[in-house]
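Here's the letter readout for the chains.
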Amino acid sequence: MLTIEEKTYFMQEAIKEAHKAKSKLEVPIGAVVVLNGEIIGRGHNIREESNDATTHAEMLAIQEANRNLKNWRLEDAQLFVTLEPCPMCSGAMILSRIKELYYGASDPKGGTAGTLMNLLNDKRFNHQVQIEKGLLEEECSQLLSDFFRELRKRKKEEKMQRKAKLTKEDDSQV
């Protein structure tokens, strides 16, 4: 059983991964896989960079953990992620036998660890994952809110610049 200090530390490590994604103009989501008190896998979103819809933070952290252990099973591992996992990532947790999930912000549009649905506790699967939600929730939520606010602002500015350029071109043709 992890202490609150350990949980906080590992979620802060996931937040560091989210900041790496943000620095690449990716949606700032980060994840770490922990086994026996050590981080064995890290990941952050790189979908824009990779042009691959499957390169979510959790997927990359699980893959790195599998490589480090030379095993697809992560039976006693915990996964810490800044945003509630989607169906794909929840499926990967089930298939890799992750023991526990800790996440920060809930995802009302795609979260499958209890918000939209709960794949991780569905008894029809051969494995269930223990879930703790809301760990450093405010910090995780704020990171996402700030990112999307900045993205909307940037897109609005780009649109205005394109419009100004077109107006200038039209004026020069008169």
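Where an unreviewed UniProt entry is consulted, the protein appears under the name tRNA-specific adenosine deaminase, with the organism given as Carnobacterium alterfunditum. Taken directly from UniProt, the Sequence similarities (unreviewed entry) text for the protein runs: "Belongs to the cytidine and deoxycytidylate deaminase family. ADAT2 subfamily." Quoted verbatim from the Catalytic activity (unreviewed entry) field of UniProt, the annotation for the protein is "adenosine(34) in tRNA + H2O + H(+) = inosine(34) in tRNA + NH4(+)".

### Topic: the side chain of Glu13
Relative to the helices and strands, Glu13 is located in helix H1 (residues 4-23). At 2.7 Å, the side chain of Glu13 forms a polar contact with the side chain of Arg42. Once residues lying within four places of it in the same chain are set aside, the contact partners of Glu13 are Val32, Ile39 and Arg42.

### Some words on the pairing of strand S3 (residues 78-83)
Across the six residues that make up S3, a large majority, six, are buried. The pairing of strand S1 (residues 30-35) with S3 spans four bridges and is antiparallel. Considered in S3, the bridge of Val32 is made with Phe80. Relative to strand S4 (residues 100-105), S3 runs parallel, the two sharing five bridges.

### A word on the packing of aromatic side chains
Two descriptors summarise a pair of aromatic rings, namely the distance from one centre to the other and the angle between the planes of the rings. According to the stated counting rule, one finds four aromatic pairs in the structure shown. Both rings, one in Phe80 and one in Tyr102, keep their centres 4.6 Å apart while their planes meet at 10°; by these two values the pair is stacked. With Phe80 in strand S3 and Tyr102 in strand S4, the pair connects residues that are 22 residues apart, well separated along the chain. Judged by centre distance (5.2 Å) and plane angle (80°), the rings of Phe147 and Phe148 are edge-to-face. Residue classification places Phe147 among the buried positions, given a relative accessible area of 4%. Residue classification places Phe148 among the partly exposed positions, given a relative accessible area of 33%.

Rules used throughout
Residues numbered from 1 in each chain as written. Predicted model: local features only at pLDDT ≥ 70, side-chain atom pairs only at ≥ 80, totals over all residues. Heavy atoms only, no water. UniProt positions renumbered as here; feature names shortened; annotations may be inferred. Helix = DSSP H or I, 4+ residues; strand = E, 2+ residues; numbered from the N terminus. Polar contact = N/O pair within 3.5 Å; in protein donor to acceptor, adjacent residues only side chain to side chain. Contact = heavy atoms within 4.5 Å. Buried < 20%, exposed > 50% of the residue type's maximum accessible area, 1.4 Å probe, protein only. Pairing = 2+ DSSP bridges. Phe/Tyr/Trp six-rings, centres within 6.5 Å; stacked < 30°, edge-to-face > 60°.

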